[in-house]
2 protein chains.
Amino acid sequence: MIATLQNDRLLRALRREPVDRTPVWLMRQAGRYLPEYRAIRARAGHFMNLCQTPELACEVTLQPLARFPLDAAILFSDILTIPDAMGLGLSFSEGEGPQFARPVWSVADIARLPVPDPEVELRYVMDAVRLIRRELAGQVPLIGFAGSPWTLATYMVEGGSSKDYVRIKSLLYNQPDALHRLLDVTARAVTAYLNAQVAAGVQALMVFDTWGGILAPRAYRDFSLAYMARIVAGLTRVVEGRPVPVILFTKGGGAWLEDIAATGCDAVGVDWTVDLGEARQRVGDRVALQGNLDPAVLYAAPDRIRQQVAHVLADFGPGPGHVFNLGHGIQPGVEPDAVRVLVEAVHEFSAPDHASTAS
Amino acid sequence: MIATLQNDRLLRALRREPVDRTPVWLMRQAGRYLPEYRAIRARAGHFMNLCQTPELACEVTLQPLARFPLDAAILFSDILTIPDAMGLGLSFSEGEGPQFARPVWSVADIARLPVPDPEVELRYVMDAVRLIRRELAGQVPLIGFAGSPWTLATYMVEGGSSKDYVRIKSLLYNQPDALHRLLDVTARAVTAYLNAQVAAGVQALMVFDTWGGILAPRAYRDFSLAYMARIVAGLTRVVEGRPVPVILFTKGGGAWLEDIAATGCDAVGVDWTVDLGEARQRVGDRVALQGNLDPAVLYAAPDRIRQQVAHVLADFGPGPGHVFNLGHGIQPGVEPDAVRVLVEAVHEFSAPDHASTAS
């Protein structure tokens, strides 16, 4: 028994259909800025326990919705679940970020990588999706996600976070064929993973290409965008007559919005360095746009937050096809009340626009 | 007695005049990737000793020219000499990057900031310039530089390097007037500093806006670009009948090249995420372009380096107005021989282009 969706603003906006007001959700809306998250995180012990225990992942996913009238939930998980399921041994050390016990350092390492079965090695994610859908009871849609193959490959090759990406870039420039093999198996794993999320119940998908923006244009097209396009082509886009929209987001990818839009995705996420009005002129007739408030605005006073929200809405302008979001994830030091101010400002300022265009 | 300049390729290219081949220099060409730099750095003790001892700064400036046939020298110094001269107390701790003993944390701190007299508090820089000019003996031109006011302000307010720029962004969104006062005094200090470098002998100028790319478009124009434009307007642009070209470089500023070109600068530096051919179409009739090889290419094998150099030259295309450079500074782990391969490839591949357009 799946409940009827009560709030379809997000899905409508992603399809560029009219809405009564601009839908809003925030990247990392479930996260460290919330005291209730920090409490459950402390109880969970290791970070991966949160992701791997469906009840905890569900609880954390729903926390921001209990506080704020957001228009979507996003699965609480991590983009590195896939490399972990491929056997790389993921852990998170305090303050150090993610680390792999067995990074990909050779062509032989790449040849050994399996495509995980999402309902076996990543069953905990699918169980979380099923549980969250039940608990959401149709309140808002649930967004599933994965990292882009290029972004996952940077972590897999660097062994964790990196400052200068020496290993992955050396692979790119010295052994492009080996990198293509790595990206190919990763793209197949991502496609299977996202399709399994759709089968388990997510109602929209987002691909996070966090590190596409460190690439030169030619390298971006060949090593990041091409694989995202392949994923888009391989996704289940309709379930029981209902479309499942796909959002692609390359942080630092403002120069390539036309190329991203041409993959066949439904929406393009843009970071805060992009002028949303210009972005819309460039791609607005083909895809919806998601973004793009500077996350640092959430450190400002309420009237400043409201002013900046108004700027973003005005930059996009009237008419359909906008999903309000930050240009990147919420920072951990933000006060929860700042998020309330943001969400209420989106509601207040966006309703007249849509009313006027609907009249 | 100032020697006649024997190699004016850089100055000609910056003025978009024909050259026999594309001039090449590299950001951080004097630096840690050179064993002779590491040797003198070890002898100097603190990093600032290198900058503050004209003989050492001169020696380090000339080191890459002894190895490679580069078309320019760039003053060895640090962008943070100005805030240090303003009284913030600069130090470099091992592996931690720069730190200020007295960061700018209040409106009162900003009100107290002086505009340093370059020939007093920054005399060591001017002495280094005079010494380098003498030692260069007209071999190649000497480039002087400073950080942009916005970039300097990020360090001054954050107290050093930052990951998420919470302090400076909070100032920007909460107290824009206070930030404008900080940027105003910093812009006046930079202008005086660059003009003193010109008086001391530098033959071209570059402004490094390392952190302009973290700003939203509106904030970039108001808080970074506006102050660079003010600096450009206040610079000595001709010395004894010879023009002193000015290069502006905003890392991550690819979306704003037209605006940067409109400041009245002679050349715009572009990072490796920009397509140089598109950049030229956008601004090429107004300014020269400097860039933009991915610095990570220098980790690749010689034939791959040559291939990527050829790509950059082909992206720009034939005709004048290109200064070959990396898209950011040389990374410390690069082998010096990789730089030789790069420089020789620029020579080899660029001469025919220029010959064909000159015929």
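Let us look at the structure shown here. (Residues numbered from 1 in each chain as written. Chains lettered and ligands numbered in written order. Predicted model: local features only at pLDDT ≥ 70, side-chain atom pairs only at ≥ 80, totals over all residues. Heavy atoms only, no water.)

### Brief notes about the state of the cysteines
Item 1. A full pass over the atoms with the stated rule returns 0 disulfides over all chains.
Item 2. Just so you know, C58 of chain A is unpaired, no disulfide at all, and the nearest cysteine sulfur is the one on C51 of chain A, 14 Å from it. (Disulfide = S-S within 2.5 Å.)

### Section: the packing of aromatic side chains
Given two aromatic rings, one states the distance between the centres and the angle between the planes to describe the pair.
Item 1. Tallying each qualifying case throughout the model produces 14 aromatic pairs over all chains.
Item 2. With centroids separated by 6.0 Å and ring planes inclined at 65°, the aromatic side chains of F47 of chain B and F76 of chain B adopt a geometry described as edge-to-face. Of this pair, F47 of chain B sits in helix 3 (residues 47-52) while F76 of chain B sits in the loop between strand 1 (73-74) and helix 5 (81-88), and the two are 29 residues apart along the sequence.
Item 3. Relative accessible area serves as the criterion here: at 13%, F47 of chain B is assigned to the buried category.
Item 4. Taking the relative accessible area as the measure of exposure, F76 of chain B reaches 8% and is therefore buried.
Item 5. Ring geometry for Y165 of chain B against W211 of chain B: centres 5.5 Å apart, planes inclined by 50°, an arrangement best described as tilted. In this pair, Y165 of chain B is assigned in the loop between helix 8 (149-158) and helix 9 (166-174) and W211 of chain B in the loop between strand 5 (204-209) and helix 11 (217-233), connecting sequence segments 46 residues apart.
Item 6. The exposure class assigned to Y165 of chain B is buried, which follows from its relative accessible area of 8%.
Item 7. The exposure class assigned to W211 of chain B is partly exposed, which follows from its relative accessible area of 25%.
Item 8. Taken together, the ring pairs connect Y37, F47, F76 and F92 of chain A into an aromatic cluster. (Phe/Tyr/Trp six-rings, centres within 6.5 Å; stacked < 30°, edge-to-face > 60°. Helix = DSSP H or I, 4+ residues; strand = E, 2+ residues; numbered from the N terminus. Buried < 20%, exposed > 50% of the residue type's maximum accessible area, 1.4 Å probe, protein only.)

### Topic: the nonpolar core
Soluble globular proteins tend to pack their nonpolar side chains together in the buried interior.
Item 1. Counting 282 residues, the largest nonpolar core has L342 of chain A together with L342 of chain B as its most contacted members.
Item 2. Beyond its immediate chain neighbours, meaning those up to four positions away, L342 of chain A contacts V24, L26, L293, L298, I305, V309, F324 and L326 of chain A. (Core = buried A, V, L, I, M, F, W, Y, C linked by side-chain atoms within 4.5 Å. Contact = heavy atoms within 4.5 Å.)

### Digging into the relation of the copies chain A and chain B
Put simply, the two copies of the chain differ by a rotation about an axis and a shift along that axis.
Item 1. Its rotation angle being 180°, the transformation that places chain A on chain B also includes 0.0 Å of axial translation and leaves an RMSD of 0.0 Å. Given the turn and translation reported, the copies of this chain are related as if by a two-fold rotation axis. No C-alpha of chain A approaches the rotation axis more nearly than that of A255 of chain A, which lies at 3.4 Å.
Item 2. Interface residue correspondence from chain A to chain B reaches 100%, placing this contact among same-surface, isologous pairings. (Least-squares fit on C-alpha atoms with pLDDT ≥ 70 in both.)

### Re the interface of chain A and chain B
Item 1. Contact residues are listed per partner, giving 29 residues for chain A and 29 residues for chain B.
Item 2. Of the roughly 2,500 Å² buried where chain A meets chain B, counting both sides, 50% is carbon and sulfur surface.
Item 3. Taken together, the connections running from chain A to chain B amount to 4 salt bridges.
Item 4. A salt bridge links D315 of chain A to R218 of chain B; its shortest N-O distance comes to 2.9 Å.
Item 5. The interface formed by chain A and chain B includes 13 residue pairs in polar contact (both at pLDDT 80 or more).
Item 6. Mapped by element, the contributors of at least two residues to the side of chain A that touches chain B are helix 9 (166-174), helix 11 (217-234) and helix 14 (302-316) of chain A.
Item 7. Counting residues per element, the side of chain A that touches chain B draws most heavily on helix 9 of chain A, which supplies 5 residues. (Buried area = accessible area lost by both parts, 1.4 Å probe. Salt bridge = Lys/Arg side-chain N within 4 Å of Asp/Glu carboxyl O. Polar contact = N/O pair within 3.5 Å; in protein donor to acceptor, adjacent residues only side chain to side chain.)

### Overview of helix 7 (residues 123-136) of chain B
Residues and elements named next belong to chain B.
Item 1. With 14 residues, helix 7 ought to run about 20 Å at 1.5 Å a step, and its terminal C-alpha atoms sit 20 Å apart, in line with that.
Item 2. Those residues of helix 7 that sit buried are Y124, V125, M126, A128, V129, L131, I132, R133 and L136.
Item 3. Contacts made by the buried residues of helix 7 are with helix 3, helix 4 (54-67), strand 1, helix 5, strand 4 (142-147) and helix 10 (176-200).
Item 4. A137 sits one or two residues past helix 7 and shows a positive phi near 50°. (Expected span 1.5 Å × (residues − 1).)

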